[in-house]
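Single-letter residue listing:
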Amino acid sequence: MNDQTGHSILDELPLILAGPVLQHTEPTSVTVWIALKQACQVELKIYNTLSDGAVLGHAVMDGQRSTVALGKFLHIVAVTARSAIGQPLSSDRVYAYDLQFINQVNQTRQPLQQALCSSRFATVNISYFAHQKPTFVLPPAQLQDLRIIQGSCRKPHGDGFDALPIVDCLIEAAANQPHDRPHQLFLTGDQIYGDDVADPLLWVASQLGDALLGWEEQLPIGQREPGGFRTPKDLPQGQRAEVATHKAGFTAGLRNKRAKVNSHLMSLGEYYASYLLAWSPIGWLTPFPKGRTMTRDRKARRHWDREVRDMQQFIHTLWKVRRALANIPTYTIFDDHDVSDDWNLNQAWCLRVLGRPLGRRVVQNALLAYAVFQAWGNTPWQFEAGQPGEKLLAAAQSWSASRGTDTAVEEAIARYVGLPPSDHLTGLPTFSQQGSVLVLDRAPEALTWHYTVKSHCHEVIVLDTRTWRGYPLDQKLIAPPMLLCPSAFEQQLSQPLKQTAQATKAGESQIQATFIVAPTNLFGLKVIDWIHHWQLRHNKVFSTDVGDAWNIHTEALARFLSTLFEQRQHIVVLSGDIHYGSTVRLSHAYTTTPHQSRSVLVQLTASALKNEEALTHIIHTRLKDWLLPEKPRYWLGWSNPPDMVELSGKQRDSTIAKQLAQENHSHPPIPDWKCALEWIPRQSVQKSLIGQELAWLLTAQQQAKNHQWRWLKPLLGWKSRWFQDGREVVGLNNVAIVQFKWGDTTDAHTIIQDLHWFSSWHPIQIVYSRYEAKLESNQALLESIPTKGDRG
């Protein structure tokens, strides 16, 4: 790629660089996102189908929109189709969609299939039917028919096979079955990695990004120093640790883990390119060079060649990722790595990174890329005429047209993506006070990243727990924050919950289930809690993301639970972040009501799509159950002011409620509520019907390696099916499908999470571990918690 010009690279690419990605979809509108290499007017049509998707019927919706020029050769659009006669889509049938591309220069038209192909990509398949159109189904009217897929944390060079292609298998297996086909996909964080980037990925992203933009960004390394600006090419892969740590202020390099920042994304083009490379095989055009041509250092050569092999395996299955994203409504939210590790972790991070020109620019680049590649499709109404999103798109277009030199446009982008203003004297970000916490300032016209998705039978409230944090006013700068500040609790949780309740009461809604997407877990492994508390006591908060732990800031967690249970008796939380999958159930009861009103929260965690680690390999097995099993945990809670205290086994056998109240005079002698947490056991592993033949999975190199060592696998006891069949978590790369099993009574209702993963025994196949959690509280656990005086 180094020896080619941007034009020669792009000449071999088709019109469509990535997509189509089906995004916000409801009965009255359908939004499709797509990335092109030329400016076009894009027309979207939604079709009825016959024979359960096999035959195209008549068009029932249409829409059109012009692309936005993010670069000379990068044009993005999220186009929305609506019905001209107001006829909504039905939930019991398969729909198809088609795209037409009108060149804005010569007015020529290209159909979808032609726009997908080029001389280098002669055949591209994004459909499950002979008509070659992507299809979808809407969520059903009955909750027991709902199928939701979730996953998170997809690092291209992470260990193990990419689990996101499994989504394609799940859709393909039921493509013509409206009731069994998956209805929605939620990606709950770390869709790309701005930090911890493989050297070969940065090598491609830097060149592809500059080629697409048509200009090189001048990054503000040190404006007071001679030559204080650098282009991405001046900061080659594997050599960015010093700049990322000391000039931008990123904290991953502070842990003696330079590899996390050696190839940190920095430029806007790199962030743009990373999305294209994560979702489509098109940008991976040029063969990787050998390590010996990149460096003289032997260790560095081996490292490069190993990461190249990782990238080649990742690229090998990208066609299935692309097809999946085209055929299921997809909703996303960021977590830290979509920007950088530890993003907004605590007040110290904000001051350190956002107070430096380079750190602020990188965060702004990441948020602008997130806005156009993810948020536009999540919340298309924010990008309509006159809305903040449309103004951001205009600013992004002007920024590229000025080749990154228009400071007024740069400031406008910062406002629209929600970056805080900088103090004109100190250069540090500004905060506002809300009660006992500080919140990063933002302009009134800033985009909101949280949103709600509703269907006939369920609602999904997607939280932004990164940009609305409350940093303690009277504690150290590294103190863990509230992941939602007081105003965010009201806007993101209370208001949506109340609106649905009012609509249900008025007969306008029949929501049967409420899902909350919380990118970071409410509850995790007990040992992780111990580590977090130890790290906090020793001021090592950047070692294990202490600021992302809900239960370290007990006031925030207590408020979160109180807000939910004031409005709902049953809550399902979808979460990721922690590189293992699990299911936990929290039983909750008020102590001040006559019959101790009971509620239940089930947390479903699916992580990582591609980022398994040595530790997660261990906890995946029976060894974790033997050495450190998860036991029930118990809390007492107060509503005003919100707080909660965990009880040990001894404390549950004492007059603990009054004792705790005496130790903290802000607590009334009798708690307002109590709750108990239990881990739902992982059922025995089962073969998946979608994973018997995996010819698509392995590269030729992987197949040869697998064949070479096939005789050894039966001898590796730790890879045996029996040893891998742990009882708590799935620690290998996984993706989840969530569904309900409905009983005759509410007490018999069950939520099921099937975590699909690749078996480690031979032959490789897709298997799944099932978790079943009843949507009723565990009365025995709750009754074991004392609330006033002695038990009983």
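Refer to the preceding data block for the structure.
The structure contained in this document is the topic of the report that follows. All values reported here derive from a predicted model rather than from experimental measurement. (Residues numbered from 1 in each chain as written. Predicted model: local features only at pLDDT ≥ 70, side-chain atom pairs only at ≥ 80, totals over all residues. Heavy atoms only, no water.)

### A few points about the environment of Gln686
Consideration 1: Counting through the fold element by element, Gln686 comes out in strand S27 (residues 686-687).
Consideration 2: Overall, the relative accessible area of 30% leaves Gln686 in the partly exposed class.
Consideration 3: It is 5.4 Å that separates the C-alpha atoms of Gln686 and Tyr768, two residues lying 82 residues apart in sequence.
Consideration 4: Among all residues touching Gln686, those that are not within four sequence positions of it are Arg721, Val767, Tyr768 and Arg770. (Helix = DSSP H or I, 4+ residues; strand = E, 2+ residues; numbered from the N terminus. Buried < 20%, exposed > 50% of the residue type's maximum accessible area, 1.4 Å probe, protein only. Contact = heavy atoms within 4.5 Å.)

### Describing unusual backbone geometry
Consideration 1: The omega angle of the peptide bond from Gly19 to Pro20 is 0 degrees, so this bond is cis rather than trans.
Consideration 2: Structurally, the position occupied by Pro20 is in strand S1 (residues 16-26).
Consideration 3: Here Ser607 and Ala608 are connected by a cis peptide whose omega angle stands at 0 degrees.
Consideration 4: Looking at the element boundaries, Ala608 is found in the loop between strand S23 (598-605) and helix H17 (614-619).

### Here's the deal with the environment of Trp626
Consideration 1: Tracing the backbone shows Trp626 in helix H18 (residues 622-627).
Consideration 2: Sequence-wise, Trp626 and Gly726 are 100 residues apart; in three dimensions their C-alpha atoms are separated by 9.6 Å.
Consideration 3: Residue contacts for Trp626: discarding those within four places in its chain leaves Trp722 and Phe723.

### Some words on helix H13 (residues 407-416)
Consideration 1: Within H13, the full set of buried residues consists of Val409, Ala412, Ile413, Ala414 and Tyr416.
Consideration 2: Of the surrounding secondary structure, the elements contacted by the buried residues of H13 are helix H11 (357-378) and helix H12 (388-401).
Consideration 3: For H13, the capping residue at the N-terminal end is Asp406, with a side-chain oxygen 3.1 Å from the backbone nitrogen of Ala408.
Consideration 4: Positive phi appears at Gly418, one or two residues downstream of H13, with a value of about 90 degrees. (Polar contact = N/O pair within 3.5 Å; in protein donor to acceptor, adjacent residues only side chain to side chain.)

### Focus: the environment of Pro220
Consideration 1: Note that Pro220 resides in strand S12 (residues 219-220).
Consideration 2: Residue classification places Pro220 among the buried positions, given a relative accessible area of 4%.
Consideration 3: With residues near it in sequence (within four places) discarded, Pro220 still touches Gly228, Phe229, Pro357, Leu358 and Arg361.

### What about a nonpolar patch on the surface?
Consideration 1: Together, Trp530, Ile618, Leu623, Trp626, Leu627, Leu628 and Trp722 give the surface a local cluster of nonpolar side chains, amounting to about 760 Å² of exposed area.
Consideration 2: When residues in the nonpolar patch are grouped by element, the largest group, three residues, is from H18.
Consideration 3: Among the structural elements, Trp530 can be located in helix H15 (residues 526-537). (Patch = residues over 30% accessible without salt bridge, like charges linked within 9 Å, V, L, I, M, F, W, Y side chains within 5 Å. Areas by Shrake-Rupley, 256 points an atom, 1.4 Å probe, with all protein chains shown as cover. Salt bridge = Lys/Arg side-chain N within 4 Å of Asp/Glu carboxyl O.)

### What about helix H16 (residues 554-567)?
Consideration 1: With 14 residues, H16 should cover 20 Å at 1.5 Å per step; its first-to-last C-alpha distance of 20 Å lies within 8% of that length.
Consideration 2: For H16, the full list of buried residues reads Ala556, Leu557, Ala558, Phe560, Leu561, Ser562, Thr563, Leu564 and Phe565. (Expected span 1.5 Å × (residues − 1).)

### A few points about the sheet that holds strand S26 (residues 673-679)
Consideration 1: One open sheet holds the nine strands; their spatial order is S17-S18-S20-S21-S23-S22-S26-S24-S25, and the pairing between them is mixed. Across the chains shown, the open sheet's two edge strands, defined by having one partner strand only, are strand S17 (451-454) and strand S25 (642-647). Between one strand axis and the next, the sheet turns through 20 degrees on average, direction left out of account.
Consideration 2: Pairing geometry for strand S22 (residues 582-590) and S23, over eight bridges, is antiparallel. In the sheet register, Thr583 faces S23, and the bridge partner there is Leu604.
Consideration 3: Lying over the sheet, helix H14 (residues 486-505) contacts S17, strand S18 (458-462) and strand S20 (513-517), oriented at roughly 165 degrees with respect to S18. (Pairing = 2+ DSSP bridges. Axes fitted to C-alpha atoms, helices over the stretch in contact; angles between N-to-C directions.)

### Structural notes on the sheet that holds strand S15 (residues 431-434)
Consideration 1: With antiparallel pairing, the three strands of this open sheet are ordered in space as S15-S16-S19. The open sheet has two edge strands with one neighbour each: S15 and strand S19 (471-472).
Consideration 2: In this structure, S15 lies alongside strand S16 (residues 437-440), joined through four bridges in antiparallel fashion. Paired with Ser432 across the strands is Val439, a residue of S16.

Everything listed is a geometric property; what it means functionally is a separate question.
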